[in-house]
Every structure is written in structure tokens, then in C-alpha cells.
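# Coordinate analysis (summary)
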Amino acid sequence: MEESTKLSSGAQVSAVLICGEPDATAWETGDRFRLQFQPQFLELDYLYIDNRSRACFDLLFPSESVSIIIPGVKRTSAKAKVDRQSKSLSWKGLGKHLKFLSGCNQVVLAVASLDPLSFEVIPPAVTGYNETDLDIKIHSPADALVLQPGWEQVLAAIDRGTYCGEPLYRSHEEASALDLCQPLDRLISLANLPDLVPYPHQVQAVKTTISKLRGRALLCDEVGLGKTIEAGLILLEYMLRGMVQKVLILTPPSLSGQWQEELRHKFGLDFVVNDEGRFKGWDAHPLIIGSLSKAKLSPHCQQLAEIDFDLVIVDEAHHLRNRNTKSWQLVDRLKKRYILFLTATPIQNSLSDLYSLVTVLKPGHLKTYAEFKRQFTTSNEYEPKNLDRLRALLQTVMIRNKRSHTNLILSKRHAKTVQLDLHPDESAFYQRVTALVRRGAFRKAGDPPIVDQLTLQHLQLEAGSSVPACLLGLERLSRRDLPQAYKNEVAAVLDYGAKLKVRYSDICRKAQITAELVRTFNDKLIVFSRFSQTHDFIAGYLKQQGIEAVSFHGGMKRMEKDAIIQEFKDSAQVLVCSEAGGEGRNLQFCRALINYDLPWNPMRIEQRVGRIHRLGQDRDVHIFNLAAKGTAESYVLELLDKKINLFELVVGELDMILGDLDENKEFEELMFEIWTDSQDDAEVAGRLEELGRRLAGAKAQYLQSQEFDDKVFGDALTTA
């Protein structure tokens, strides 16, 4: 047996006393040695020696290979490969030949010959492996005390009273754990994520996916329960075990950056997004995040189909519900060992949606489509039949946790829109920039616009943020090669803004109201701004008003960020934060934020709110949105709040709604087209009303899908 004594200082000394401990100098033919092994790996053709018998492994098997004689196999021997690092023997067919060891955790080897060295496996029928007292005599030259390598140094250190520190001891413990090939339902990834504490339902979902569903699963938890965390844990678990190296994650375009951020900050994984400058091709990087809308197009789909992926993850997988689409055909053609589909609503229109998804994960599991329809559908597509049979089939391919089973309660959101009137000079500047943007976007039939859409969209957003931010955009625009008449117009607006900047602190209504909100709320707040010039302006303004504020942005180094967050937590009342600055940070000790400027992309608004309102926040969260009348931001805010109640949605529901709005264009693109193509405010309002109806329809569709999913799946697929 092995006895271990753990010293309080962190050092460890081990002594091994084994019945039949091998001593090569005294071996004789017929000597028998009993070894503990891990039976779950036999079917993989590996005989992993258990930790209790590792001390004698090197003495038993001194060469790179050893002959093993299998009883009943015509006394022929198998050449076993010896792996000292993992303490294992392996050869093709091991599991088949040693099937008689099923149910055992011990094996007895008898020395068959000494030159060359070979062993014979003694069947359990002869030895009675699992009995307390073996019914055979285990030969031993002597019951020897065998010390682990390095025992002299350990004893010397004990004698001197010098011990290793706690960090080194913890590292040794972690290395020892990794050295053991853990069972698949025992996660080794959790020890590598000290800053991530997953919820029990997430851990169980990961274990179920790996051990029972064999890495091919539909992860269909209700929105807000952390499917991304589950997928990240599965990914990391497979990578740490050496089972996954090449990974492709397919997402809607608006979510690729969010995935990259989550995987980098929470799991320490650096994925390359296909629209980044460092992207060199689908086969050039081991870890890739790709836009599904781009990947499905030629030549990308052909290139992807030629690559062997270890793991493919598809987010918002309900977009694959139609087997006739390029998206479904791409994912179906991919060569993948493991595959995960993430969606909160696997069924959106009919049961055929579910059939499409399961067919990619596990072809043939639901038989042919005709047979599937015969067994489970009726003339009313919303009244399926044989649900118990369907749920039983889905249990081998799908997980769906519900909030009601997790005991997780998300605190409430309280959103307030603060409507304000700009100072007349601010308003005049904004209107002149808007006219400049609309003129720059104008195009004659067949001709490109004067200025590209991205530049103009950015300029309009800067105008809605602050005068200093917009001046920088105007300066960049003035240096471009543009028609002279348009350049003159840009110069005139730039000159007007430069004069306005001199007294901007005295007339800026948003800054004034921000200071009022901070004083009135009398607790910590985060002020979000997208642009660095606005960021610097508001931070300086608040300090001038006697308010303790600290700045936090993406350009800071990690230690600087840590120090700023600590200062905000300890003393400062306000954190002026850029969107990039808050990525990956736990800011839940704060319960309020001010959206100083508003992105046109609702997902960016949701990401800001998510910095403080997520699972684990035990206080209600307050959101203050500043909206200047007559600006594009005020229209966006009214639209999102009025039509889909943006700030009342559960975390994650916004993804579902926007995903069904328009597959080819992001929300901010739609907004920009409406803003620039309209002749006046009345036309803007009319076209936004139509967009609002589409948003409301998308929300209704989501709620209907959620209700149908509950009817079909019930509580049969939960792991919580």
C-alpha cells in the first residue's frame, strides 16, 4: 500500500510498501505481481496503472516495450508500448484481449521469461482478483520499502526545516492531478479557472455533454443561464485532455466580438476572428471565430469543407432550422469530431426545425424525415404527438435547463430615459453635421456616395456623443481627397465646432445633467462613453465639479486597470468607462450606470448593462439613458424601449429577437439607412415606425417559440 504524509508547509513525502514489490535482481520465472489499474480505459486499448501501483512501474517495465502473453490467444505474445509518463501499457486490441478484466481494478502479471522479459496475464478466475485475501501466493523476494525518486532531498529539507511555499505546493498538486487521466465526468478544467465559478447546472451540463452525449449536443438552456460558459468549459476540458486542437466557432456577425472577449477573459483562449487583420485563412489558425453569414458563401464554404476540425460550435443555431439553406449545408458538410449547437429556441416554426438540427449532430437518430413526421407530427403543427418517445430520443443529444430549476434569481432593472434639450449652439452644430452626413451619403444612379458609409456613420455617432469627439472625425474627413465643394462644407462645420469647443464646458447640457444625476443618486455609478475625446471631457468635467471620478479605458495596461478598479471600489464615486475598458471585468459591486452616449447597436447597449447586471448581482440595477431631443440616439432609444422593452428583457433575449429581424444587415446599418435616406424628421419617424413593427413581430415570434419549446420538451432534458 502507499502511505502519504502531507506536511503543513506544503512539502510531501511518500513511502510505498507493496506486496510483491519487484526487484529485478531477484526475479524468477513464475513470480507474480499485483497492480492496480483504471478499468474505464481498457476499451480505449490502454492499461493505465493506478496511482497506488506507480512506484513499481519503472522497475517492472524498464524498456520501451514489453511482451505480454494473453491466456487463450494461442500463447502468442503482444508487443505492448510502455509509456512512463502516463504509466500505461498499450497495444492494438488490448481492450478486446483483456475483456475478461471487465469489472476488475487489479491485474496480476506473472514473469513468463527473463530474457527477453515477458509477462503473462493471470485471469481473475484463477486469482480471485477482488477478494480481500488472494487465493494464490504472491511471490516476493522481500516486502520492501520503496521510496519515491527524490526522497533524499525531501528528508534533507525536513531535517533543515526548509519547505517549499504554498504556491509551489499548489502547482505540484495541480500537476499531479493533470498527470492522472481523469474520468470524463470529472472536470479538470475548473482548477485552471480560478476567477470563474460556474453554476451547478453549468457544471452538470458539461459533464453530461462530455461523458454521455459524446461531445455532440444541443445546448438549449433558457436565455440568461450561460450557454456560452458551458460551451467554453467543454472546449477547455477537451483541450486540456489533448482531445481538441482545431476549433471553429460560427456566430452571427454581431456576436463574434463578444465570443472573442468571453473566451479571452474567462478562459484564457485567444481566438482569431475572420474579419481581423491577423486572419490569414481558415486553415492558418487553430482557434477561429467566423461569421456564419460569410462562411456559408463561396469560396469560404469550399475551403472550410476541406479542413478537419476537432470541435465546431454554432451559436444561435436555430438559424440552421432549414435544411435547404446554405448555412445548414455548410455545417452539415464540415468535417468535425465534436459539435455543439447553442440556441434557446431550437423549435421556432415546427418540429422540422428540431429534425434539421439533430440530423447534423447525430445523423439517422430521428430516422428519415417521413418517418419522423409519421411518429411525432399531426395536422396541427403546434400539437405534436408521442412526446414521451420524442423526449426519450432527445435525452441522448440535447440539454435544456430552465430557470425555474436552477434557483437563480436575477435582480431587477430600473431604466430611466432622461430627455434633454441641447443648448441652441449645440443643436445647431448637430444639425449641420447631420446635413453633412446626409449629403456625403447621397449618390447618383450607378455612382458611389461621396463618403463611405462607415465613416459617415461614425461621424454621426460622434456628433451624438460630444463636440470634442465630432471635431476629431471632422478633422480626419477634411484631410481626404473629396470634391472641393464638399470639403468647403466640412471646413465650415469644423470651424463652427472649434469655436464652440472653447466654451463647451459652460453650455454642455449632457455634462450638467450627468453631474446632477451623480449627486442625486449618491452611490457609485459607471458613466459609459464610446469615444475617447468624450471620455476625457466628462472625466475632467466631473472633477471640476468636485466629484471624485476615475478613468478606465482599453488602452490601459492590466496593472493600471487593476489599480483603477480598486480605487473605484474603495473611494471614487464615478468610473468613466469606455466599452472596451469594461471588458471581462467584474463590476457588480456597482449597481448603476449612465449611458452618456448611446450606440445604435442594441447589443452594445446590452453589453454595457451586462457589466453590472448579470447572474450574481444581488441588488436592483439602475440605468440612466441620456437622450437629446431631435438626435438619432433619441429615436433609437424610443424605438427599442417602446417596441421591445429593451431594458426589461432577460439577459440574452435581445439576441434572439434581433437575430430574426434581418439576417443580412445589422441593426445599426438599418438605422443608418433610415437616418440618411430620409428627407426630414417626419420621414424618419415613419420609417422607424415600420422598423418598430418588425421588431415587435420578431419579439412575438420569439415568445411563441419559447411557449412551443416548453410544450415539446417539458422538464425532461434538464441537468439542474
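Residues numbered from 1 in each chain as written. Predicted model: local features only at pLDDT ≥ 70, side-chain atom pairs only at ≥ 80, totals over all residues. Heavy atoms only, no water.

On to unusual backbone geometry, then. That bond from Ser298 to Pro299 is cis: its omega, 5 degrees, falls within 30 degrees of zero. Structurally, Pro299 can be placed in the loop between helix H9 (292-295) and helix H10 (300-305). Of note, the phi angle at Glu316 is positive, near 50 degrees, even though the residue is not glycine. Residue position: Glu316 is located in the loop between strand S15 (308-315) and helix H11 (326-333). Backbone geometry at Asn522 places phi at a positive 60 degrees, although glycine is not the residue there. Structurally, Asn522 can be placed in the loop between helix H21 (509-521) and strand S19 (525-528). (Helix = DSSP H or I, 4+ residues; strand = E, 2+ residues; numbered from the N terminus.)

In this section: the pairing of strand S21 (residues 574-577). Here S21 shows a buried face lined by Val574 and Val576 and a second buried face lined by Leu575 and Cys577. Direction of pairing for S19 relative to S21: parallel, over a ladder of four bridges. Bridge pairing in S21 links Phe528 to Cys577. Looking at chain direction, strand S20 (residues 549-552) and S21 are connected through four bridges and run parallel. Residue pairing for S21: Ser551 is matched across the bridge by Val576. (Buried < 20%, exposed > 50% of the residue type's maximum accessible area, 1.4 Å probe, protein only. Pairing = 2+ DSSP bridges.)

Looking now at the packing of helix H27 (residues 667-677) against helix H28 (residues 681-713). The relative placement of two packed helices comes down to the angle between their axes together with the axis-to-axis distance. Where H27 contacts H28, the axes come no closer than 8 Å and their chain directions differ by 155 degrees. Judged on the interaxial angle alone, H28 and H27 are roughly antiparallel. In this structure, H27 crosses over H28, and the sense of that crossing is right-handed. Each of Phe667, Leu670, Met671, Glu673, Ile674, Trp675 and Asp677 in H27 lies in contact with H28, whose residues at this interface are Glu683, Val684, Arg687, Leu688, Leu691 and Leu695. Taken together, the residues of the contact of H27 with H28 sort by class into nine nonpolar, no polar and four charged. (Axes fitted to C-alpha atoms, helices over the stretch in contact; angles between N-to-C directions. Parallel < 35°, antiparallel > 145°, perpendicular 65-115°, else oblique. Left-handed = near helix turned anticlockwise from the far one by under 90°. Contact = heavy atoms within 4.5 Å. Nonpolar A, V, L, I, M, F, W, Y, C, P; charged D, E, K, R; others polar.)

With respect to the element layout, Glu222 can be found in the loop between strand S11 (216-219) and helix H7 (227-240). Every residue in contact with Glu222, bar those within four places of it in the chain, is listed here: Lys227, Ala344, Arg400, Asn401, Lys402, Arg403 and Asp710.

With that settled, the discussion passes to the packing of helix H16 (residues 424-441) against helix H19 (residues 484-502). For the pair H16 and H19, the least separation of the axes is 10 Å and the interaxial angle reads 160 degrees. The angle between H16 and H19 falls in the class roughly antiparallel. Here H16 runs over H19; the crossing is left-handed. On H19, the residues touching Asp425, Glu426, Ala428, Phe429, Arg432, Val433, Leu436, Arg439 and Gly440 of H16 are Ala485, Tyr486, Glu489, Val490, Ala492, Val493, Tyr496, Gly497 and Leu500.

In this structure the tally under the stated criterion is three cavities of 30 Å³ or more. The volume enclosed by the largest cavity comes to roughly 180 Å³. Along the wall of the largest cavity there are 20 residues; nearest its centre are Leu422, Ala463, Gly464, Ser465 and Lys510. The set of elements that each furnish at least two residues to the lining of the largest cavity consists of H16, helix H17 (453-465) and strand S23 (621-628). Its residues assigned to classes, the lining of the largest cavity comprises 12 nonpolar, four polar and four charged. (1 Å grid on protein atoms, 1.4 Å probe; cavity = no way out; pocket = protein on both sides within 12 Å on 5 of 7 lines; lining within 4 Å. Points joined across faces, edges and corners; volume = space filled by probe spheres on them.)

Let's shift gears to the confidence of the model for the protein. Looking at the protein, the pLDDT average stands at 81 and 84% of residues meet or exceed 70. Of the regions scoring below 50 in pLDDT, residues 1-26 engages in 70 contacts with residues more than four places distant in sequence or in other chains. (pLDDT = per-residue confidence, 0-100.)

Take the sheet that holds strand S12 (residues 247-251) next. Read from one edge of the open sheet, seven strands run S13-S14-S12-S15-S16-S11-S17, paired in parallel fashion. Bordering the open sheet on either side are strand S13 (272-273) and strand S17 (398-399), each of which pairs with just one other strand. Taken together, the two bridges between S13 and strand S14 (residues 287-291) define a ladder with parallel strand orientation. When the sheet's bridge partners are listed, Val273 is paired in S14 with Ile289. Against the sheet, H7 makes contact with S11, S12, S14, S15 and strand S16 (335-342), and its axis sits at roughly 155 degrees relative to S16, the strand it touches most. Along the sheet, H11 contacts S12, S15 and S16; its crossing angle with S16, the most-contacted strand, is approximately 135 degrees.

A separate point is the environment of Leu394. Looking at where Leu394 falls in the secondary structure, it is placed in helix H14 (residues 387-394). Overall, the relative accessible area of 0% leaves Leu394 in the buried class. Through-space distance from the C-alpha of Leu394 to that of Ala217 is 9.7 Å; in sequence the pair is 177 residues apart. Beyond its immediate stretch of four places on either side in the chain, Leu394 contacts Leu354, Val358, Phe713 and Leu717.

Once that is clear, we can look at the sheet that holds strand S5 (residues 65-69). Here seven strands make up a closed barrel; going around it, the order is S3-S4-S7-S6-S5-S9-S8 and the pairing mixed. If you compare each strand with its neighbour and ignore which way they point, the axes differ by 40 degrees on average.

Looking now at the packing of aromatic side chains. Applying the stated rule across the entire model yields 14 aromatic pairs. Their ring planes at 25 degrees and their centres at 5.4 Å tell us that Tyr46 and Tyr48 sit as a pair that is stacked. For Tyr46, a relative accessible area of 34% corresponds to the partly exposed category. Considering the side-chain rings of Tyr635 and Trp675, the 6.0 Å spacing of their centres and the 55 degrees angle between planes classify their relative orientation as tilted. Placement of Tyr635 in helix H25 (residues 632-644) and of Trp675 in helix H27 is noted, with a sequence separation of 40 residues between them. Trp675 matches Tyr635 in its accessibility class, with the two residues each being buried. Members of the aromatic cluster, each reached through a chain of ring pairs, are Tyr355, Tyr369, Phe372 and Phe376. For Arg323, the ring lying beneath its charged end belongs to Tyr369, and the centroid distance is 4.6 Å. Its guanidinium or amino end placed over the ring of Trp675, Arg438 lies 4.8 Å from that ring's centre, counting from NZ or CZ. (Phe/Tyr/Trp six-rings, centres within 6.5 Å; stacked < 30°, edge-to-face > 60°. Lys NZ or Arg CZ within 6 Å of the ring centre and 35° of its normal.)

A few words now on the side chain of Glu262. Residue position: Glu262 is located in helix H8 (residues 256-267). What makes Glu262 buried here is its relative accessible area of 18%. The residues touching Glu262, leaving out its near neighbours within four places in the chain, are Thr228, Ile229 and Phe267.

Let us look at helix H24 (residues 602-610). Extensive coverage of H24 is indicated by the burial of seven of its nine residues. For H24, the full list of buried residues reads Pro602, Met603, Ile605, Glu606, Arg608, Val609 and Gly610.

Before going further, it helps to spend a moment on the pattern of salt bridges. Under the definition given, this model contains 20 salt bridges. The shortest N-O distance in the salt bridge between Asp421 and Lys629 comes to 3.7 Å. Residue Asp421 is located in the loop between strand S18 (413-420) and H16, and its partner Lys629 is located in the loop between S23 and H25; the two are separated by 208 residues in the primary sequence. Taking the relative accessible area as the measure of exposure, Lys629 reaches 49% and is therefore partly exposed. One salt bridge connects Glu489 with Arg439, and the closest N-O pair in it is separated by 3.0 Å. Remark: Arg439 occurs in helix H16 and Glu489 occurs in helix H19; sequence separation between them is 50 residues. Under the relative-accessibility criterion, Glu489 is labelled partly exposed at 27%. Beyond isolated ion pairs, a larger network of salt bridges with shared partners links Arg264, Asp270, Glu276 and Arg278. (Salt bridge = Lys/Arg side-chain N within 4 Å of Asp/Glu carboxyl O.)

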